[in-house]
Amino acid sequence: MPRAVKQKSSKSYHPRRHHRARVDLPVMLIHEEAAHEGRMLSLSRGGALVRTDVKIPTGAKLLMGFHLKNVPDPVELPVEVVYQAKATKDARIGKGQGLGLRFGALDEKLAARIDTYVKDERFFGPYSDLIKEFQRQRPRKR
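Anyway, here's the lowdown on the structure attached to this text.

About the thresholds
- Residues numbered from 1 in each chain as written.
- Predicted model: local features only at pLDDT ≥ 70, side-chain atom pairs only at ≥ 80, totals over all residues.
- Heavy atoms only, no water.
- Helix = DSSP H or I, 4+ residues; strand = E, 2+ residues; numbered from the N terminus.
- Buried < 20%, exposed > 50% of the residue type's maximum accessible area, 1.4 Å probe, protein only.
- Contact = heavy atoms within 4.5 Å.
- Areas by Shrake-Rupley, 256 points an atom, 1.4 Å probe, with all protein chains shown as cover.
- Pairing = 2+ DSSP bridges.
- Axes fitted to C-alpha atoms, helices over the stretch in contact; angles between N-to-C directions.
- Core = buried A, V, L, I, M, F, W, Y, C linked by side-chain atoms within 4.5 Å.
- Salt bridge = Lys/Arg side-chain N within 4 Å of Asp/Glu carboxyl O.
- Polar contact = N/O pair within 3.5 Å; in protein donor to acceptor, adjacent residues only side chain to side chain.

Another point: the overall build of the protein chain. When its secondary structure is counted, the protein chain shows two helices and six strands. Taken over 142 residues, the protein chain has a buried fraction of 34%. Considering only contacts in the protein chain between residues 6 or more positions apart, those separated by 24 or more positions represent 54%. Accessible surface, the protein chain as shown: approximately 10,700 Å² in total, 53% of it carbon and sulfur.

Shown next, in the form of structure tokens:
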């Protein structure tokens, strides 16, 4: 009797390569000589999630500019659209739609600054309330 073949799940688990932080930063996207505004909702060394009303196809290459508090000059990076997020299917976006973006090549200095920013945001930013609550409820050793 033939054995049943297990179907591969289309939603397989892929661990993230880099830590990601929730942020709320204004960004400018340049695509086909047009500028579009957006809000970065999450950031990592590898990419970002941006809420924007513009529809840009998956695979499109564009330029993204934004400011980070630990970087003196504006950051301008080549990015690629890796997915489109719709408000009805992706709660991370909220109202509107968004784009999952992968960064092009980063120089090591900028990559380290992004890592530092992400670490600070995870510890002192929106996640810090979760950390404080966890520490408050954790039983203390005597």
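Moving on from the coordinates now.
As summarised here, the arrangement of the six strands in space is β1-β2-β3-β6-β5-β4, forming a closed barrel in which the pairing is antiparallel. Each adjacent strand pair in this sheet contributes to an overall mean axis angle of 45 degrees, direction not counted. Bridge analysis of strand β5 (residues 75-86) against strand β6 (residues 97-103) gives seven bridges, and the strand direction is antiparallel. Paired with V81 across the two strands is L101, which belongs to β6.

Another aspect to go through is the nonpolar core. Grouped together as the largest cluster of nonpolar side chains are 30 residues, with contacts concentrated most on M40, L43, M64 and F103. Every element with two or more residues in this core is listed here: β1 (20-31), β2 (34-44), β3 (47-51), β4 (61-66), β5, β6 and α1 (108-124).

One pass over the full model with this rule turns up four salt bridges. Between R102 and E80 there is a salt bridge, and its shortest N-O distance comes to 3.4 Å. Taken together, the residues span a long stretch of sequence, with R102 in strand β6 and E80 in strand β5 at a distance of 22 residues. The partly exposed category is assigned to E80, whose relative accessible area is 21%. Sharing partners across several salt bridges, the network here consists of K61, E80 and R102.

Let us look at the side chain of T52. Residue placement: T52 occurs in the loop between β3 and β4. Residue classification places T52 among the buried residues on the basis of a relative accessible area of 3%. Here E37 takes part through its backbone oxygen, which lies 3.2 Å from a polar atom of the side chain of T52. Only 3.4 Å separates the side chain of T52 from the backbone nitrogen of V54, close enough to count as a polar contact. Non-local contacts of T52, meaning those with residues more than four positions away in its chain, are made with L29, E37, G38, Q97, G98 and L99.

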